[in-house]
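Inside the fold
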Amino acid sequence: MPLLIKMFPCLSDNYGFLVHDSESGQTATIDTPDAGEIMRQAERAGWTLTHIWNTHHHWDHTGGNAAIKDALGVTIIGPKAEAEKIPGIDVTVGEGDAVRLGKYEAKVYDTPAHTLGHIAYHFAGERVIFVGDTLFALGCGRLFEGTPSQMWAAMQRFAALPADTKVYCAHEYTLSNAAFAVTVEPDNPDLLDYIKTAKAKRDKNEPTVPTTIGAEIAANPFMRAGSAERLGEIRAAKDAF
Ligand code: ZN
Ligand code: FE
């Protein structure tokens with residue numbers, strides 16, 4: 001059996017993600033935007049939540065930690081560098097650590113920028129990465145705590161992964177990111193194709209997540225920035241867009 005992933009909308013534009021190993025029965029929710037919805041979706045799938053894996057401390061990623069832990073007694077894993085801001089955290093992880101879900105293993109990457117302790121979870125064997133609010137389809141996270149050079153380092157790191165790696169971003173921001181991205185690269189054919197496909201999906205109320213590393217390398221202005229300085233300029237222009 002492959003690693004099973006279930007994705008569903010939460011709050012106004014977040015995604016909830018459940019990952020499940022059928023052999024061990026272990027199930028993790030990546031972040032906790034909405035405790036009630038996450039527990040309903042797990043129940044509907046017939047999966048019992050055993051873990052919460054947090055990417056960063058923002059409320060739309062940790063707000064359901066306490067309710068889920070209280071209800072189900074799950075183990076909460078989260079970023080070492082902002083552990084004091086993660087409600088109910090049991091296990092702290094950072095760069096070089098690995099977390100297990102049954103027979104599957106995810107490597108932890110430090111991706112500081114959006115927040116200083118932000119981490120990503122990479123199932124290298126399955127070519128799947130959960131990037132939280134670091135990388136978005138056609139965008140990147142706002143620099144609330146970190147710097148353009150930190151974000152550029154994260155972009156380069158993601159760009160080095162296999163092109164077919166599926167990227168699970170935590171928000172459906174694609175069309176608003178697209179409106180800005182065309183102002184950066186109005187003549188990039190891959191970007192124009194990407195936007196056409198994304199619009200068609202959204203018209204049918206389908207998600208544009210997951211994306212892939214290859215698609216982002218071809219079309220995402222932040223992945224394509226080329227330098228920390230240029231990424232900083234593009235990020236500032238997006239903030240004012
Ligand atoms: Zn965030
Ligand atoms: Fe968020």
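Worth saying up front: this structure is predicted, and the values here are computed from it rather than measured.

Now for the domain arrangement of the chain. Segmenting the chain into domains produces domain 1 (1-101) and domain 2 (134-241). Between the C-alpha centres of domain 1 and domain 2 the distance comes to 24 Å. Facing the 13 residues of domain 1 at the interface are 14 residues of domain 2. In total, domain 1 and domain 2 occlude about 990 Å² of area from one another, counting both sides; carbon and sulfur atoms represent 54% of this. A per-residue breakdown of the area domain 1 buries against domain 2 is headed by M7, D13 and Y15, which together make up 46% of the total.

The iron ion (ligand 2) binds to the protein through D60 (OD), H61 (NE2), D133 (OD) and H171 (NE2), with metal-donor distances spanning 2.1 to 2.3 Å. Coordination geometry of the iron ion (ligand 2): the 4 donor atoms subtend angles of 84 to 167° at the metal centre, consistent with an arrangement described as irregular. Taken in sequence order, the residues that donate to the iron ion (ligand 2) follow the motif D-H-x71-D-x37-H. The distance between the iron ion (ligand 2) and the zinc ion (ligand 1) comes to 3.2 Å, with D133 serving as a donor to both metals. In this pair, H61 sits in helix 2 (residues 59-62) while H171 sits in the loop between strand 13 (166-169) and helix 5 (174-184), placing the two residues 110 residues apart along the sequence. Here H61 and H171 have matching classes, each one buried.

Bound to the zinc ion (ligand 1) are the protein donor atoms H56 (NE2), H58 (ND1), H114 (NE2) and D133 (OD), situated 2.2 to 2.3 Å from the metal. Classification of the site at the zinc ion (ligand 1) rests on its 4 donor atoms, whose angles at the metal span 83 to 174°, yielding the label irregular. Positions of the donor residues of the zinc ion (ligand 1) along the chain correspond to the pattern H-x1-H-x55-H-x18-D. On the accessibility criterion, D133 (3% relative accessible area) is buried.

This brings us to the sheet that holds strand 13. Spatial strand order, 7-8-9-10-13-14: 6 strands in an open sheet with mixed pairing. Both outer strands of the open sheet, strand 7 (98-101) and strand 14 (211-212), are each paired with one neighbouring strand and no more. Bridge count between strand 7 and strand 8 (residues 104-110): 4 bridges; the pairing is antiparallel. Note on strand 8: the bridge partner recorded for L101 is Y104.

Looking at the element boundaries, G96 is found in the loop between strand 6 (91-93) and strand 7. It is 17 Å that separates the C-alpha atoms of G96 and Q156, two residues lying 60 residues apart in sequence.

Put simply, helix 5 and helix 6 (residues 189-203) touch, their axes get as near as 10 Å, and they point 155° apart. Considering the angle they form, helix 5 stands roughly antiparallel to helix 6. Helix 5 and helix 6 meet at a crossing whose hand is left-handed. Together, T174, L175, A178, A181 and V182 of helix 5 and L191, L192, Y194, I195, A198, K199 and R202 of helix 6 make up the contact between the two elements. Here the contact of helix 5 with helix 6 is composed, by residue class, of 9 nonpolar, 1 polar and 2 charged.

This next bit is on the sheet that holds strand 1 (residues 4-10). The strand order 1-2-3-4-5-6 describes an open sheet built from 6 strands, whose pairing is mixed. At either margin of the open sheet sits one strand with a lone partner, and together these are strand 1 and strand 6. Neighbour-to-neighbour, the strand axes of the sheet open up by a mean angle of 20°, direction not taken into account. Alignment of strand 1 against strand 2 (residues 14-20), held across 7 bridges, turns out to be antiparallel.

It is worth spelling out the packing of aromatic side chains at this point. Summed over the entire model, instances satisfying the criterion amount to 10 aromatic pairs. Aromatic pair F17 and Y168: ring centres 5.6 Å apart, planes at 80°, arrangement edge-to-face. With a gap of 151 residues between them, F17 in strand 2 and Y168 in strand 13 connect regions that are remote in the sequence. Owing to a relative accessible area of 9%, Y168 belongs among the buried residues under this scheme. Between F123 and F130 the ring centres are 6.3 Å apart and the planes differ by 80°, which places this aromatic pair in the edge-to-face class. For the residue pair F123 and F130, the accessibility class agrees, reading buried in each case. Within the aromatic cluster, the residues linked to one another by ring pairs are Y15, F17, W53, Y121, F123, F130 and Y168.

So, how was this worked out
- Residues numbered from 1 in each chain as written.
- Chains lettered and ligands numbered in written order.
- Predicted model: local features only at pLDDT ≥ 70, side-chain atom pairs only at ≥ 80, totals over all residues.
- Heavy atoms only, no water.
- Domains from an automatic or database assignment.
- Contact = heavy atoms within 4.5 Å.
- Buried area = accessible area lost by both parts, 1.4 Å probe.
- Donors = N, O, S within 2.8 Å, 3.2 Å for Na, K, Ca; no water.
- Tetrahedral: all angles 85-135°; square planar, octahedral: opposite > 155°, others 65-115°.
- Helix = DSSP H or I, 4+ residues; strand = E, 2+ residues; numbered from the N terminus.
- Buried < 20%, exposed > 50% of the residue type's maximum accessible area, 1.4 Å probe, protein only.
- Pairing = 2+ DSSP bridges.
- Axes fitted to C-alpha atoms, helices over the stretch in contact; angles between N-to-C directions.
- Parallel < 35°, antiparallel > 145°, perpendicular 65-115°, else oblique.
- Left-handed = near helix turned anticlockwise from the far one by under 90°.
- Nonpolar A, V, L, I, M, F, W, Y, C, P; charged D, E, K, R; others polar.
- Phe/Tyr/Trp six-rings, centres within 6.5 Å; stacked < 30°, edge-to-face > 60°.

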